[in-house]
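# Summary of the model geometry
As a plain string of letters, each chain reads:
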Amino acid sequence: MSLLEVRNLKKHFPIKSGVLKRTTGHVYAVDDISFHVDQGETLGLVGESGCGKSTAGRSVLRLIAPTAGEVTFEGTDVMRASRSELQRLRRDMQIIFQDPYASLNPRKRVKHIIGEPLDIHGIGTDDERRRRVFELLETVGLSAEHAERYPHEFSGGQRQRIGIARALALKPKLIVCDEPVSALDVSIRAQVINLLEDLQNELDLTYVFIAHDLSVVKHISDRVAVMYLGKIVEIAGSDVLYDYPQHPYTEALLSAVPIPDPQTERARRRIILEGDVPSPANPPKGCVFHPRCPRAQEICTTAMPRLTTAGSHAGGEHEVACYFPARFDSGSRVVHKEPFLEARPAGAGAAPEGGAASAPVASE
Amino acid sequence: MAERLLEVADLSTHFFTHAGVVKAVNGVSFTLDRQETLGIVGESGSGKTVAALSVMRLIPDPPGKIVEGSITLRGRDLRALDEDEMRQVRGNDIAMIFQDPMTSLNPVYKIGDQIAEAVMLHQDKGKDEAWRMAAELLERVGIPDAKNRVKQYPFEFSGGMRQRAMIAMAISCNPDILIADEPTTALDVTIQAQIIEVVQEMQEQYHSGVILITHDLGVVAELADKVMVMYGGRTVEYGSIDQVFYDPHHPYTWGLLGSLPRLDVSEKTRLTPIKGQPPDLILLPAGCPFSGRCVYERPECRDTWPAHELIAEGHGVNCWIPRAEREEIRAELPHFKVEVA
């Protein structure tokens, strides 16, 4: 059994307007995503701004209440947990935020910031808590003398270490890392990435790693889920995903990332997508990617394709939500783009998932 | 054509603050030719933006001041110009696009007004003509339905479209030099790819020189011809992109390259970060600003700035470690496959 199971998770934010604040529409931030995370692994959630990756991460922890779906952590139903059950669960599920300037209370000393989770959960005596704070500071590469200082006395990288120490205070099993290195300079970013990797090995942590930087996500993740406009469009082992991307969005995304190697850059062909990401308040009918998709055809405008296993390369699961996934021969070259649902498993039915699945939560 | 488009020599720009003097740019030199792209790479506080703003003479004074050096545009000394003359240079000869297209566009004016203003300031054009040009420029940078879009306000544009509008404004007077300060940092990768393409097209069309300021070595590898690596206000190394990426000589350049996770490499190698924290710009050592974080530091590093050493044509470094020793150290580094002979 996986440590974390997420099924058909949805988060639709109501749009309210007018004096009466009536709901006039919804932002489909996360729209029916399913994934699982195994003990000790890192699942990367990657996508551009507004794709719903952060909302997904927070919904999983119930920091925001999801609209629908199931989240199971170690067999416990997170969605239906009572207040006290949820508090118990939060010991095991923690989060690290993107902006180390906004996520630490500027008026509290470091020892209080890191010790707060211990206070809230009533763990240990004062003396034990103090010792635990010192221990945590050492764990993240700071020292006990930093405990009395305030956040403004630290650089961005050091603040992020404090945020990590706070997340570790309760000895969690799962940490949702929400863009933890995006605000940091290159040289500091590498320090924090290494720290996260070391902590994972030492403490047997499981990460959901949310980021928009594909190079970072690939480096740290075992498996990667690519999100676009509230949907997971492809999910696979990180090497498989990068070597054999099947979804046209994944391909475009990968080809758009500049690689710090002039020779490689000169040899690359870039797929440049037309236009911008549509508004999640008014997602396109059919496949959400079809208006920008170079392979889109008639069928793509009818319904969102289901995420299905579509051929596996080098083993492991590889799922893609596309009517025309790319195929690979023995080499890594795209050979042909099969015109239809060839890779759908029989059980999933030949027909694409219709509007029925999303009907209960549709706004109109 | 033998004339240099831009030559900056020994530029120093300091900020005189209550806390002390910040030597944001400290003895920096570079040149730029037509159709050439110079990448200036560095982390926050390295002085890369201040160097570019100095060329535009846009340093807020006080507290900032260009204290030394020369800036020569096609043989003309920009430091000697008065403010009126300089205003003619900005826009006409040198234009700049900024990182955040939301804060650099005025939210209460229509996009067309803002582009037309730039046109009317520098060219003898009436309002109607300027508006017509604004629409044309928007179309040229790839904004669909430009005729109607030109009448919209910045909030009606997406981030990528705003950056395109900024580029349209920058190229409106056909400048010789385009300075792009982190033009893609605020944008998503697929939009970043679009903007990079627009910049390349504009450069081909107008034969301008481009100064690209960025922290992203990937963008440099893609767009630039040559690169200058800055740290703590100093240029620590410069050269063609091949020289700097494949034959790097400064420990900071090694550090930067070793810190990057690579999308195109499948085996998982551990990153090699640079130790320590970014420097405090007020307390920079008199010598190499990277001393203190450099693993190979020697006694002389902290107090004296090393002499410039020419590695090859167009490739230079400032470092105390003797060249032979540097090459030995580098050969041991895990993340280098040095390819250039």
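It should be emphasised that the depicted structure is a prediction, and the values quoted were computed from it without experimental measurement.

To continue, consider the environment of Leu260(B). Along the chain, Leu260(B) falls in the loop between helix 10 (251–258) and strand 11 (308–312). With 43 residues separating them in the primary sequence, Leu260(B) and Leu217(B) have C-alpha atoms 8.7 Å apart.

All names here are of chain A. Where strand 1 (residues 4–17) and strand 2 (residues 22–37) come together, 12 bridges link them in antiparallel fashion. Paired with His-12 across the strands is Tyr-28, a residue of strand 2. Taking the residues that link successive antiparallel strands as the turn, the strand 1-strand 2 hairpin has 4 residues, and the phi of Gly-18 there is positive, at about 80 degrees.

Attention shifts here to the sheet that holds strand 5 (residues 76–77) of chain B. All names here are of chain B. Spatial strand order, 2-1-4-5: 4 strands in an open sheet with antiparallel pairing. Bordering the open sheet on either side are strand 2 (20–32) and strand 5, each of which pairs with just one other strand. Note that strand 1 (residues 6–17) and strand 4 (residues 64–73) share 8 bridges and pair antiparallel. Within the sheet, the bridge partner assigned to His-14 lies in strand 4 and is Lys-65.

Note that the residue after Asp61(B), namely Pro62(B), is joined by a cis bond; omega there is -10 degrees. Checked against the element boundaries, Pro62(B) lands in the loop between helix 1 (48–55) and strand 4. Residue Pro63(B) follows Pro62(B) across a cis peptide bond; omega there is 5 degrees. For Pro63(B), the position within the fold is in the loop between helix 1 and strand 4. With a phi angle near 50 degrees, Lys171(A) is a residue other than glycine that sits in the positive phi range. Following the sequence through the fold, Lys171(A) ends up in the loop between helix 5 (156–168) and strand 7 (174–178). With 12 C-beta atoms packed within 10 Å, Lys171(A) lands in the exposed category. Residue Arg57(B) is not a glycine yet carries a positive backbone phi of 55 degrees. In this fold, Arg57(B) is placed in the loop between helix 1 and strand 4.

Attention shifts here to the domain arrangement of chain B. Residues and elements named next belong to chain B. Taken domain by domain, chain B holds domain 1 (4–224) and domain 2 (237–336). On a C-alpha basis, the centroid separation for the pair domain 1 and domain 2 is 29 Å. Every contact between the two is made by 13 residues of domain 1 and, on the other side, 9 residues of domain 2. Among the secondary structure elements, those contributing two or more residues to the side of domain 1 that touches domain 2 are strand 2 and helix 8 (217–223). Ranked by residues supplied to the side of domain 1 that touches domain 2, first place goes to strand 2 with 5 residues. Counted by class, the side of domain 1 that touches domain 2 contains 8 nonpolar, 3 polar and 2 charged residues.

Parameters and conventions
Counting from 1, residues in each chain are numbered in the order their sequence is written. Whichever chain is written first becomes A and whichever ligand is written first becomes 1, with later ones labelled in order. Residue-level local features of this predicted model are given only where pLDDT is at least 70; pairs of side-chain atoms are given and counted only at 80 or more, and the full residue set underlies all totals for whole chains, interfaces and linings. Only DSSP runs of H or I covering at least 4 residues are called helices, and only runs of E covering at least 2 are called strands; the numbering of each starts at the N terminus. When DSSP finds two or more bridges between a pair of strands, those strands are recorded as paired. Labels follow a simple rule on C-beta atoms placed from the backbone: if 20 or more others lie within 10 Å of a residue's own, it is buried; if 12 or fewer, it is exposed; otherwise it is partly exposed. Each domain's limits were defined by an automated method or a database of domain assignments. Contact between two residues is assigned when their C-beta atoms, built from the backbone, lie within 7 Å. Residues were grouped as follows: Ala, Val, Leu, Ile, Met, Phe, Trp, Tyr, Cys and Pro as nonpolar; Asp, Glu, Lys and Arg as charged; and all remaining residues, including Gly, as polar.

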